[in-house]
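Descriptive analysis of the structure
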Number of protein chains: 2
Amino acid sequence: MPPRPSAAVTLETAQPPGDTKARLLDAVVQIFAERGFHATSMRAVTQLAGTSVSSANYHFGSKEELLRAALILRAAPLNDLRLKALALVEAGPSEGKVRVRAILEAFVRPLLEARPELKDEGFPGRKLAARLYVDPPDVVKAIQQEVFGPVTVRFREALENAIVDVDPENFDLGLQLSLGVVVHSISGRFIWPDEEEDPSGSKREQAIESIVAFAASGLLALVEEKNSETGNPGASAQ
Amino acid sequence: MPPRPSAAVTLETAQPPGDTKARLLDAVVQIFAERGFHATSMRAVTQLAGTSVSSANYHFGSKEELLRAALILRAAPLNDLRLKALALVEAGPSEGKVRVRAILEAFVRPLLEARPELKDEGFPGRKLAARLYVDPPDVVKAIQQEVFGPVTVRFREALENAIVDVDPENFDLGLQLSLGVVVHSISGRFIWPDEEEDPSGSKREQAIESIVAFAASGLLALVEEKNSETGNPGASAQ
DNA sequence: GTCTATATGTTGATAGAC
DNA sequence: GTCTATCAACATATAGAC
């Protein structure tokens, strides 16, 4: 067998320089997003990253910590974008249904829009975020809470303020279903247009708007339904 | 240590009579629904069923076949209920939005309602169905397609007929998001009232109606949004 | 920092006694 | 039919050379 093509360049330690950590993070995002926590083995991750299991454990200590590191890296900028968008909406003059929709958009858009800041032009990072919400292991649930919990609470409060006369039970159900909409827009079988098929991003843009419209309409339908039962139709969001 | 309490009753083969198969099916539904395919081990299942791994493999041949058997057992009656409910809606005189909502209800209600026919008064069977849609392994995806695919296609056609002037792209997205709503109403963190807290089932009933309302409103919002762009507002479902 | 080699446990599946 | 005993393959994690 011939030696590896680039083997003659340097006499150093075999594998590429010091970007092993970065390659591991990329690999874990990719594989974990596809297969979930339990179905993802350290072997698979380290093979994709072109390194060894022990190298991964040297850098991160354990499988769980590797996942947590990848998530914090991906989620921190996403959280920032969401909170900034929310602040803009709350500082603005919008009211009622328009505001509800704007808040949901502030939650959805940073996740679905192509964002170089997230160091993820493509899809794996989004899928990872979505998988957190459907993967059963306690480990994953804990990380999800840790990474996304506070921001989710912020959005919950914002929506609670934007909808007057909130019925707690329907509101909680509505929030969960809205989250289901967002998660399934990613983890389900809907095909997102890729960049070459949709260079202007207009198809993606339309999909984002549709998703926001779906969630907002559903959420408001719940509140309206409740209020129409109490004989107060249409006055739920003002 | 004292002998097992019932050990003196018979001289037969140690474990209970011939309902091992049934106990295994119950156990796999319960555990798989909670943890997903890869995180569920044969040992965990067989321990819960009070038998051994080899016994399970004797009856079902493999882990995958055990899951498939459990699913077919649970899904067949669910499919029947859904198709019957759909037939009733299609034979009826409803039109437009009302019919769209009725079709969605025919899909949702048999899943969420307490149904003795499904041999599952409680929750595990529903959770299992929901998990099929979020569990990543190819095995699971294949079983889901096999078990639920045909009925899903039937409902898709029914909805396509009920909504005039369908925009294919938004329609597909809308269907997927609707499915996300249903799946998340089960697999998410919404707490369903249990039977003792809600003996009349009225809370559960209200939740089902809310879920249908959410999905119908979201789906129609997508179609209406599209049509209002083309200058034809409100004429999408008639 | 990265590797090879290994430790230690668990997995799904099978063999064979009863 | 059900069990105990066992298999080979896989899992995560660590030890130690370089």
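Residues numbered from 1 in each chain as written. Chains lettered and ligands numbered in written order. Predicted model: local features only at pLDDT ≥ 70, side-chain atom pairs only at ≥ 80, totals over all residues. Heavy atoms only, no water.

Quick word on the packing of aromatic side chains
Quick note on the threshold: Whether two aromatic rings pair depends on their centres lying within 6.5 Å, for rings of Phe, Tyr and Trp, where Trp uses its six-membered ring; planes under 30 degrees apart make the pair stacked, over 60 edge-to-face, and the rest tilted. Throughout this description, buried means an accessible area under 20% of the type-specific maximum (1.4 Å probe, protein chains only), exposed means over 50%, and partly exposed covers the range between. For a ring to carry a charge above it, either NZ of a lysine or CZ of an arginine must fall within 6 Å of the ring centroid while also lying within 35 degrees of the normal to the ring plane.
Inspection of every chain in the model, using the stated rule, returns eight aromatic pairs over all chains. Residues phenylalanine 32 of chain B and phenylalanine 37 of chain B carry aromatic rings whose centres are separated by 6.3 Å and whose planes lie at 75° to one another, so their mutual orientation is edge-to-face. With respect to burial, phenylalanine 32 of chain B and phenylalanine 37 of chain B carry one shared label: buried. We note arginine 82 of chain A situated over the ring of phenylalanine 107 of chain A; from NZ or CZ to the ring centre the distance is 3.7 Å.

A short note on the environment of alanine 142 of chain A
Residues and elements named next belong to chain A. Just so we agree on the cut-off: Numbering of helices and strands runs from the N terminus, with a helix taken as a DSSP run of H or I at least four residues long and a strand as a DSSP run of E at least two residues long.
Within the element layout of this structure, alanine 142 appears in helix H7 (residues 138-162). For alanine 142, a relative accessible area of 43% puts it in the partly exposed group. Counting along the chain gives 74 residues from alanine 142 to arginine 68, while the straight-line C-alpha distance between them is 9.8 Å.

Considerations on the packing of helix H4 (residues 63-91) of chain B against helix H5 (residues 96-112) of chain B
Residues and elements named next belong to chain B. Definition in use: What counts as an axis is a line fitted to C-alpha atoms, over the stretch in contact for a helix, and the angles between N-to-C directions run from 0 to 180 degrees. Any angle that is under 35 degrees is reported as roughly parallel, and any over 145 degrees as roughly antiparallel; angles of 65 to 115 degrees are reported as roughly perpendicular and all others as oblique. By definition, any crossing whose near helix is turned counterclockwise from its far helix by less than a right angle is left-handed, and any crossing with a clockwise turn is right-handed. When checking whether two residues touch, look at their non-hydrogen atoms; a contact exists if any pair is within 4.5 Å. Residues are grouped as follows: Ala, Val, Leu, Ile, Met, Phe, Trp, Tyr, Cys and Pro are nonpolar; Asp, Glu, Lys and Arg are charged; every other residue, Gly included, is polar.
Taken N-terminus to C-terminus, the directions of H4 and H5 make an angle of 160°; their axes are 8 Å apart at the nearest point. On the basis of their axis angle, the class for H4 and H5 is roughly antiparallel. As for how H4 packs across H5, the hand of that crossing is right-handed. Seen from H4, the contacting residues are Leu78, Leu81, Arg82, Ala85, Leu86, Val89 and Glu90; seen from H5, they are Arg99, Ala102, Ile103, Ala106, Phe107, Pro110 and Leu111. Grouping the amino acids of the contact of H4 with H5 by side-chain chemistry returns eleven nonpolar, no polar and three charged.

Focus: the environment of phenylalanine 171 of chain B
Residues and elements named next belong to chain B. Checked against the element boundaries, phenylalanine 171 lands in helix H8 (residues 168-187). Residue class for phenylalanine 171 comes out buried when judged on its relative accessible area of 2%. Through-space distance from the C-alpha of phenylalanine 171 to that of alanine 76 is 27 Å; in sequence the pair is 95 residues apart. Setting aside its immediate chain neighbours within four residues, phenylalanine 171 contacts Arg156, Leu159, Glu160, Ile163 and Val166.

Observations regarding the pattern of salt bridges
Residues and elements named next belong to chain A. What counts, and what does not: We define a salt bridge as a contact between a side-chain nitrogen of Lys or Arg and a carboxyl oxygen of Asp or Glu at a distance within 4 Å.
Enumeration over the complete set of coordinates arrives at 28 salt bridges over all chains. With a closest N to O distance of 3.9 Å, glutamate 64 and arginine 68 form a salt bridge. Here the residue glutamate 64 and the residue arginine 68 both occupy positions in helix H4 (residues 63-91), the gap between them amounting to four residues, near one helical turn. Glutamate 64 sits in the partly exposed class, given a relative accessible area of 31%. For the salt bridge of arginine 156 with aspartate 172, the shortest nitrogen-to-oxygen distance reads 2.4 Å. Placement of the pair is arginine 156 in helix H7 and aspartate 172 in helix H8 (residues 168-187), with a sequence separation of 16 residues. Note on aspartate 172: relative accessible area 36%, which makes it partly exposed. One salt-bridge network, held together by shared partners, links Glu64, Glu65, Arg68 and Glu146.

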